Amino acid sequence: MNFKSIFFSNIGWLKIEGTEDYITSLSFQKDEPEPSTAHGNWHNPLIEQLNAYFDAQCYVFDLPLQPKGTAFQQKVWRELLKIPYGQTISYWELSQRLGDVKAIRAAASANGKNPIPLLIPCHRVIGKDGSLTGFSAGLDRKKYLLELEKGIQSLTLF
């Protein structure tokens, strides 16, 4: 059985889906998603941690995640979880951490296919020159999240 939760944040609606025990996807929504009456075991901790995150009080998510992807994608996503709150790395550094700087395009592609953005912090990966590049939810949201994590007060986007 699939379970769903929704959350309204400073950067719009989030739709979070999963099994009873694991979160499998998170997507940013333009409009309010259909509410659900069935929630996974992760629902209450998720809502508490998202509220704390957007209040700059939660620095590490402690939630049961189970993203679906290839072995290489899984490896990339595990590496993303090691990027500390408030810090960024480049796509080049990500590929270096994976042990193959020639795999930069594959690492960038896997980063872009992250099914649980925010909770798996793909927004913390930037261009080698410091530029904001690529984020499935849009660069305005990526900028907001990075500024939030650096303690810069931004206006809400929505």
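As the structure is a computational prediction, the values presented were derived from the model and not from experiment.

**Q** What is the right way to look at the overall build of the chain in this model?
**A** Scanning the chain from terminus to terminus reveals five helices and five strands. Relative to a compact globule of 158 residues, whose C-alpha radius of gyration would be 15 Å, the chain shows 15 Å and is just as compact. Each principal axis of the C-alpha distribution contributes one length, and for the chain these read about 45 × 35 × 25 Å. Counting only contacts in the chain whose residues sit at least 6 apart along the sequence, the fraction spanning at least 24 positions is 55%.

**Q** What should I look at first to understand the packing of aromatic side chains in this one?
**A** Here a ring pair, both rings aromatic, is described through the centre-centre distance and the interplanar angle of the planes. Using the criterion set out here, one finds six aromatic pairs in the structure. Pairing Y59 with Y85 gives two aromatic rings, centres 4.7 Å apart and planes at 75 degrees, and the pair type is edge-to-face. Residue Y59 is found in the loop between α1 (43-54) and α2 (71-80), and its partner Y85 is found in the loop between α2 and β4 (89-90); the two are separated by 26 residues along the sequence. Judged by relative accessible area, which is 46%, Y59 ranks as partly exposed. By way of ring pairs, the aromatic residues F7, Y53, F54, Y59, F61 and Y85 are connected into one cluster. The ring of W92 carries K128 above its face, with NZ or CZ at 4.7 Å from the centroid.

**Q** Just checking my understanding: could you explain α1 for this structure?
**A** In an α-helix, one full turn covers 3.6 residues, which means residues spaced three or four apart are oriented alike. Look at α1: 17 Å from first C-alpha to last across 12 residues, which is about the 16 Å you get at 1.5 Å a residue. Buried-residue contacts for α1 involve β1 (3-9), β2 (12-18), β3 (23-29) and α5 (139-149). The positive-phi residue at the C-terminal boundary of α1 is A56, with phi of around 60 degrees.

**Q** Mind showing me how you'd approach the sheet that holds β2 here?
**A** Across a sheet, paired strands are connected by hydrogen bonds in the backbone, their directions being either parallel or antiparallel. Overall, antiparallel pairing links the three strands, which are arranged β1-β2-β3 in an open sheet. Each end of this open sheet is capped by a strand with a single partner; those strands are β1 and β3. Recorded for the sheet is a direction-independent mean angle of 20 degrees between the axes of neighbouring strands. Where β1 lies against β2, seven bridges are found, and the strand directions are antiparallel. Across the sheet, F3 pairs through a bridge with G18, a residue of β2.

**Q** Help me understand the nonpolar core in this model?
**A** A general tendency of soluble globular proteins is for nonpolar side chains to be buried together. I16, L46, L50, Y53, F54, L80 and L119 are the most contacted members of the largest nonpolar core, which has 39 residues in total. Going through the elements one at a time, β1, β2, β3, α1, α2, α3 (91-97), α4 (104-112) and α5 are the ones with two or more residues in this core. When residues in this core are grouped by element, the largest group, five residues, is from α1. For I16, the contacting residues outside a window of four places in its chain are F3, K4, S5, F7, I23, S25, L26, W42, L46 and L50.

**Q** What's the story with the side chain of R124 in this structure? I'm lost.
**A** Within the element layout of this structure, R124 appears in the loop between α4 and β5 (125-126). On the basis of relative accessibility, which here comes to 6%, the residue R124 falls in the buried class. Side-chain polar atoms of R124 contact the backbone oxygen of I83, separated by 2.7 Å. With residues up to four places along the chain from it excluded, the contact list for R124 reads I83, P84, Y85, G86, Q87, T88, I89, L146 and E149.

**Q** Please explain the environment of G86 as it appears in this structure.
**A** If you trace the backbone, G86 turns up in the loop between α2 and β4. Owing to a relative accessible area of 18%, G86 belongs among the buried residues under this scheme. For the pair formed by G86 and Y144, sequence separation is 58 residues and the distance between their alpha carbons is 12 Å. Residue contacts for G86: discarding those within four places in its chain leaves R124, E149 and K150.

Thresholds, definitions, all that
Residues numbered from 1 in each chain as written. Predicted model: local features only at pLDDT ≥ 70, side-chain atom pairs only at ≥ 80, totals over all residues. Heavy atoms only, no water. Helix = DSSP H or I, 4+ residues; strand = E, 2+ residues; numbered from the N terminus. Rg over C-alpha atoms; globule rule 2.2 N^0.38 Å. Contact = heavy atoms within 4.5 Å. Phe/Tyr/Trp six-rings, centres within 6.5 Å; stacked < 30°, edge-to-face > 60°. Buried < 20%, exposed > 50% of the residue type's maximum accessible area, 1.4 Å probe, protein only. Lys NZ or Arg CZ within 6 Å of the ring centre and 35° of its normal. Expected span 1.5 Å × (residues − 1). Pairing = 2+ DSSP bridges. Axes fitted to C-alpha atoms, helices over the stretch in contact; angles between N-to-C directions. Core = buried A, V, L, I, M, F, W, Y, C linked by side-chain atoms within 4.5 Å. Polar contact = N/O pair within 3.5 Å; in protein donor to acceptor, adjacent residues only side chain to side chain.

By themselves, these observations are geometric and do not establish any function.
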